[in-house]
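Tertiary structure, described
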Amino acid sequence: MAKPTQAHLSRTIEKNQPQFLRDRTIQQMEYYMGAKLIEVGVDPKSTIYRWTTEIKGNQEVITCSAYWKDSKDRILQEEAAQSGN
């Protein structure tokens with residue numbers, strides 16, 4: 001069975017929270033993602049991270065995605081193709 005080459009972590013926060021609380025949540029997510037990657041044997045420095053946010057009513061869903069190996073290469077190729085257009 002192939003090993004995964006990406007991981008995702010989401011948190012839901014109130015949309016009207018002060019910026020410092022939002023920033024703290026993002027920092028906590030980065031720390032937790034790095035720790036989880038180390039647990040499964042992936043070097044957090046060899047990954048690329050992408051962030052997405054989605055508004056759902058008065059809440060905001062923030063997702064941190066980490067990509068390595070094949071997934072990292074695919075994401076970088078897609079982004080290069082998009083920036084070339």
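Structure first, text after, so check above.
Below or above, wherever it landed, is the structure these notes cover. None of the values given here were measured: they were computed from a predicted structure.

Here is what the cut-offs are and how they apply
Residues numbered from 1 in each chain as written. Predicted model: local features only at pLDDT ≥ 70, side-chain atom pairs only at ≥ 80, totals over all residues. Heavy atoms only, no water. Helix = DSSP H or I, 4+ residues; strand = E, 2+ residues; numbered from the N terminus. Buried < 20%, exposed > 50% of the residue type's maximum accessible area, 1.4 Å probe, protein only. Contact = heavy atoms within 4.5 Å. Areas by Shrake-Rupley, 256 points an atom, 1.4 Å probe, with all protein chains shown as cover. Lys, Arg positive; Asp, Glu negative; His and termini not counted. Charge placed at Lys NZ, Arg CZ, Asp CG, Glu CD. Pairing = 2+ DSSP bridges. Phe/Tyr/Trp six-rings, centres within 6.5 Å; stacked < 30°, edge-to-face > 60°. Lys NZ or Arg CZ within 6 Å of the ring centre and 35° of its normal. Salt bridge = Lys/Arg side-chain N within 4 Å of Asp/Glu carboxyl O.

Some thoughts on the overall build of the chain
If you tally the helices and strands in the chain, you get two helices and three strands. Overall, the chain shows an N-to-C arrangement of helices and strands of β-α-β-β-α. Structurally, the chain occupies a C-alpha span of about 40 × 40 × 25 Å along its principal axes. When the 85 residues of the chain are sorted by exposure, 28% land in the buried category. Considering only contacts in the chain between residues 6 or more positions apart, those separated by 24 or more positions represent 61%. Summed over its atoms, the accessible surface of the chain is roughly 6200 Å², and 51% of this surface lies on carbon and sulfur atoms. Side-chain charges of the chain comprise 12 positive and 11 negative groups, with the mean position of each set lying 3 Å from the other.

Thoughts on the pairing of strand β2 (residues 48–56)
Of the pairings in the sheet, the one linking β2 to strand β3 (residues 59–67) comprises nine bridges and is antiparallel in character. Looking at β3, one finds that Trp-51 is bridged to Cys-64. Connecting the antiparallel pair β2 and β3 is a turn made up of two residues, with Gly-57 showing a positive phi of about 65°.

Structural notes on the packing of aromatic side chains
In this structure the tally under the stated criterion is zero aromatic pairs. Above the face of the Tyr-32 ring, Arg-11 is positioned so that its terminal group lies 5.9 Å from the ring centre.

Re the pattern of salt bridges
Counted according to the given criterion, the structure contains four salt bridges. With a shortest N-O distance of 3.1 Å, Arg-22 and Glu-60 are connected by a salt bridge. Here Glu-60 lies in strand β3 and Arg-22 lies in helix α1 (residues 19–39), a separation of 38 residues in the sequence. Given a relative accessible area of 8%, Glu-60 falls into the buried group. Across the pair Arg-74 and Glu-78 runs a salt bridge whose closest N-O atoms are separated by 3.5 Å. Here Arg-74 and its partner Glu-78 are both found in helix α2 (residues 69–83), four residues apart, which amounts to about one turn of the helix. A residue is classified by how much of its surface remains accessible, and Glu-78, at 38% relative accessible area, is partly exposed.

Notes on unusual backbone geometry
Even without a glycine there, the phi angle at Lys-69 is positive, about 50°. Take Lys-69: it is sitting in helix α2.

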